[in-house]
Amino acid sequence: MSDNFRRTVLITGASSGIGKVTSLYLCEKGYKVIGSSRNLGKLAPITEKANEAGECFFPLELDINLSDGAKGSIEEVLPELISQHKSIDVLINNAGYGLWGPIEGISVAEMENQFKTNVFAPFRLSKMLISSMRKRGYGRIVNVSSVAGWVATPFNGAYASSKFALEAQTEALRMELWPFGITVSSIQPGLFDTNFQNNMVQGSDAESEQLPYKDFIDNYRRKHKKWRKVIHDPIRIAKLIESIIESKRPRLRYPIGFEARAGMLGSKIFPERLYQGMISRTSM
Ligand SMILES: NC(=O)c1ccc[n+]([C@@H]2O[C@H](COP(=O)([O-])OP(=O)(O)OC[C@H]3O[C@@H](n4cnc5c(N)ncnc54)[C@H](OP(=O)(O)O)[C@@H]3O)[C@@H](O)[C@H]2O)c1
């Protein structure tokens with residue numbers, strides 16, 4: 001443990017949504033929180049609010065997509081950060097975004113970028129922190145995945161690919177690190193009230209007239225509107241993260257939100273063909 005705080009937590013994507021709510025909640029609960037964003041200015045209001053009753057939130061400018069070797073990259077920033085805060089006990093890989101559109105309408109560069117943020121950044125951050133966690137015999141790595149890391153739906157194939165990859169990373173890393181007192185878990189949210197939908201990136205050719213998906217995309221948009229009414233408060237995820245940090249034996253996966261649980265359950269109990277038909281009918 002470090003200072004007078006319960007633990008020191010590094011969370012990416014602290015400027016908005018789940019990361020913002022979790023940062024404020026953990027600060028309030030006695031943790032030291034280092035929260036990152038690509039834009040330090042976006043962290044100013046959180047810093048001010050979190051630190052009203054004493055300094056507990058430390059803003060960090062970090063672009064998790066910068067390549068190894070570049071100034072300001074994960075590999076350059078992390079060693080100094082670890083020595084400055086003495087230890088980082090908990091890593092929450094939260095930063096992420098959705099790339100939307102039929103797979104055929106997504107460029108290679110767009111797909112690469114999706115993987116850089118949602119898969120490679122958690123991999124690189126975990127790699128940078130494992131050895132110091134191992135030395136202390138304690139660590140928690142929490143990957144904010146998605147129900148899309150379990151069930152892929154039409155037009156979310158790029159995003160789901162990245163979250164499936166993150167799930168595999170979580171699963172393998174968990175077994176590798178368990179003997180050393182470091183646990184790795186994934187959270188699989190359904191639909192939560194954040195800026196996620198507004199920040200979604202559309203594939204450059206998603207609606208190209210050269211491609212035959214227009215009617216299906218219109219249907220998707222119409223049906224998706226109904227789903228967007230089912231939306232949960234991200235404070236539930238913040239509380240779940242606290243319970244994972246404090247648990248002696250956190251689970252591998254935490255689906256959260258009834259649609260996430262239903263999605264996972266459905267994939268287990270229904271025959272594959274039937275389930276795919278159901279997903280297609282409800283989404284396009
Ligand atoms: N909300 C949902 O319904 C939902 C459902 C399932 C999973 N999730 C997952 O939850 C996590 C948090 O999302 P949110 O819902 O809180 O969305 P949000 O409100 O859009 O916040 C996303 C955060 O991630 C960071 N981020 C986004 N794109 C980035 C990029 N290309 N490079 C680096 N950082 C980036 C942003 O930081 P800066 O722009 O400040 O750098 C921001 O703080 C994501 O991993 C998302 O996949 C969300």
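What counts, and at which threshold
- Residues numbered from 1 in each chain as written.
- Predicted model: local features only at pLDDT ≥ 70, side-chain atom pairs only at ≥ 80, totals over all residues.
- Heavy atoms only, no water.
- Helix = DSSP H or I, 4+ residues; strand = E, 2+ residues; numbered from the N terminus.
- Buried < 20%, exposed > 50% of the residue type's maximum accessible area, 1.4 Å probe, protein only.
- Polar contact = N/O pair within 3.5 Å; in protein donor to acceptor, adjacent residues only side chain to side chain.
- Contact = heavy atoms within 4.5 Å.
- Core = buried A, V, L, I, M, F, W, Y, C linked by side-chain atoms within 4.5 Å.
- Pairing = 2+ DSSP bridges.
- Right-handed = clockwise from strand over helix to strand, strands pointing away.
- Near = heavy atom within 4 Å.
- Areas by Shrake-Rupley, 256 points an atom, 1.4 Å probe, with all protein chains shown as cover.
- Phe/Tyr/Trp six-rings, centres within 6.5 Å; stacked < 30°, edge-to-face > 60°.
- Lys NZ or Arg CZ within 6 Å of the ring centre and 35° of its normal.
- Axes fitted to C-alpha atoms, helices over the stretch in contact; angles between N-to-C directions.
- Expected span 1.5 Å × (residues − 1).
- Parallel < 35°, antiparallel > 145°, perpendicular 65-115°, else oblique.
- Left-handed = near helix turned anticlockwise from the far one by under 90°.
- Nonpolar A, V, L, I, M, F, W, Y, C, P; charged D, E, K, R; others polar.

### Describing the side chain of Thr183
Right, on to step 1. With respect to the helices and strands, the residue Thr183 is situated in strand β7 (residues 182-189).
Right, on to step 2. For Thr183, a relative accessible area of 4% gives the class buried.
Right, on to step 3. A distance of 3.2 Å separates a polar atom in the side chain of Thr183 from a polar atom in the side chain of Arg140.
Right, on to step 4. Not counting chain neighbours up to four residues away, the residues in contact with Thr183 comprise Gly139, Arg140, Ile141, Trp178 and Pro250.

### As for the nonpolar core
Right, on to step 1. Membership of the largest hydrophobic core comes to 31 residues, with the highest contact counts inside it found for Leu26, Phe57, Ile92, Ile187, Ile241 and Ile245.
Right, on to step 2. Residue assignment for this core shows that the elements contributing at least two residues are β1 (8-11), α1 (17-28), α2 (44-50), β4 (90-93), β6 (139-144), α7 (235-246) and β9 (253-256).
Right, on to step 3. Of the residues forming this core, the biggest block, six residues, is contributed by α7.
Right, on to step 4. If sequence neighbours within four positions are ignored, Ile187 has contacts with Val142, Asn143, Val144, Ser145, Ser146, Ile237, Leu240, Ile241, Ile244, Tyr254 and Ile256.
Right, on to step 5. Formed by 24 residues, the second largest nonpolar core is a distinct cluster that contains Phe58, Ile82, Leu129 and Leu173.

### Concerning the pairing of β7
Two faces, one strand: in a regular strand the side chains alternate between the faces of the sheet.
Right, on to step 1. Most of β7 sits out of view: eight of its eight residues are buried.
Right, on to step 2. Judged by which residues are buried, β7 turns out to be covered on both faces: Ile182, Val184, Ser186 and Gln188 on one side and Thr183, Ser185, Ile187 and Pro189 on the other are all buried.
Right, on to step 3. One ladder, built from six bridges, connects β6 with β7; its direction is parallel. Opposite Val144, over in β7, you have Ile187 as the bridge partner.
Right, on to step 4. In this region the chain leaves β6, passes through helix α5 (residues 157-177) and returns to the parallel neighbour β7; the handedness of that crossover is right-handed.

### Some remarks on the site of the ligand
Right, on to step 1. Around the ligand, the structure places 28 residues, and the nearest of them are Ser15, Ser16, Ser37, Tyr159 and Thr194.
Right, on to step 2. Between the ligand and the protein, one listed contact pairs an oxygen atom with a side-chain N or O atom of Ser15 at 2.6 Å.
Right, on to step 3. Taken by itself the ligand offers 870 Å² of open surface, and the protein chains cover 95% of this.

### Brief notes about the side chain of Thr170
Right, on to step 1. Mapped onto the elements, Thr170 comes out in helix α5.
Right, on to step 2. With relative accessibility at 1%, the residue Thr170 sits in the buried group.
Right, on to step 3. Looking at Thr170, its side chain comes within polar contact range of the main-chain oxygen of Leu166, at 2.6 Å.
Right, on to step 4. For Thr170, the residues in contact, after removing those within four places along its chain, are Asn143, Val184, Ser185, Ser186 and Leu252.

### Observations concerning the packing of aromatic side chains
In this description, a pair of aromatic rings is defined by centroid distance and the angle of the planes.
Right, on to step 1. Scanning all chains against the criterion turns up seven aromatic pairs.
Right, on to step 2. On the numbers, 5.3 Å between centres and 50° between planes, the contact of Tyr159 with Phe196 is tilted. Here Tyr159 is found in helix α5, whereas its partner Phe196 is found in the loop between β7 and β8 (201-202), with 37 residues between them in sequence.
Right, on to step 3. Members of the aromatic cluster, each reached through a chain of ring pairs, are Trp100, Phe155, Tyr213 and Tyr220.
Right, on to step 4. Taking NZ or CZ as reference, Arg7 lies 3.7 Å from the ring centre of Tyr138, over its face.
Right, on to step 5. Across the ring face of Phe180, the terminal group of Arg134 is positioned such that the distance to the ring centre comes to 5.3 Å.

### Quick look at the sheet that holds β7
Right, on to step 1. Spatial strand order, β3-β2-β1-β4-β6-β7-β9: seven strands in an open sheet with parallel pairing. The strands lining the two open edges of the sheet, one partner per strand, are β3 (57-61) and β9. Strand-to-strand twist of the sheet, defined as the mean angle between neighbouring strand axes without regard to direction, takes the value 20°.
Right, on to step 2. Two strands pair when backbone bridges link them, and β1 and strand β2 (residues 32-37) are joined in this way by four bridges, in the parallel orientation.

### Remarks on α1
Right, on to step 1. Under the 1.5 Å per step criterion, the end-to-end length of α1 is 17 Å for 12 residues, consistent within 8% with the ideal 16 Å.
Right, on to step 2. In terms of residue burial, α1 counts as a mostly covered element, since nine of its 12 residues are buried.
Right, on to step 3. Among the residues making up α1, those that are buried are Gly17, Ile18, Gly19, Thr22, Ser23, Leu24, Tyr25, Leu26 and Cys27.
Right, on to step 4. Elements in contact with the buried residues of α1: β1, β2, α2, β3, β4 and α7.

### What to know about the packing of helix α4 (residues 108-136) against α5
Right, on to step 1. Running from N to C, α4 and α5 cross one another at 15°; their axes reach a closest spacing of 8 Å. One element, α4, and the other, α5, form an angle in the roughly parallel class. At the point where α4 passes α5, the crossing takes the right-handed sense. Between α4, through Met111, Gln114, Phe115, Asn118, Val119, Pro122, Phe123, Ser126, Ile130 and Arg134, and α5, the contact on the second element is made entirely by Ala158, Tyr159, Ser161, Ser162, Lys163, Ala165, Leu166, Gln169, Leu173 and Leu177.
Right, on to step 2. Looking at the contact of α4 with α5 residue by residue, the class counts come to 12 nonpolar, six polar and two charged.

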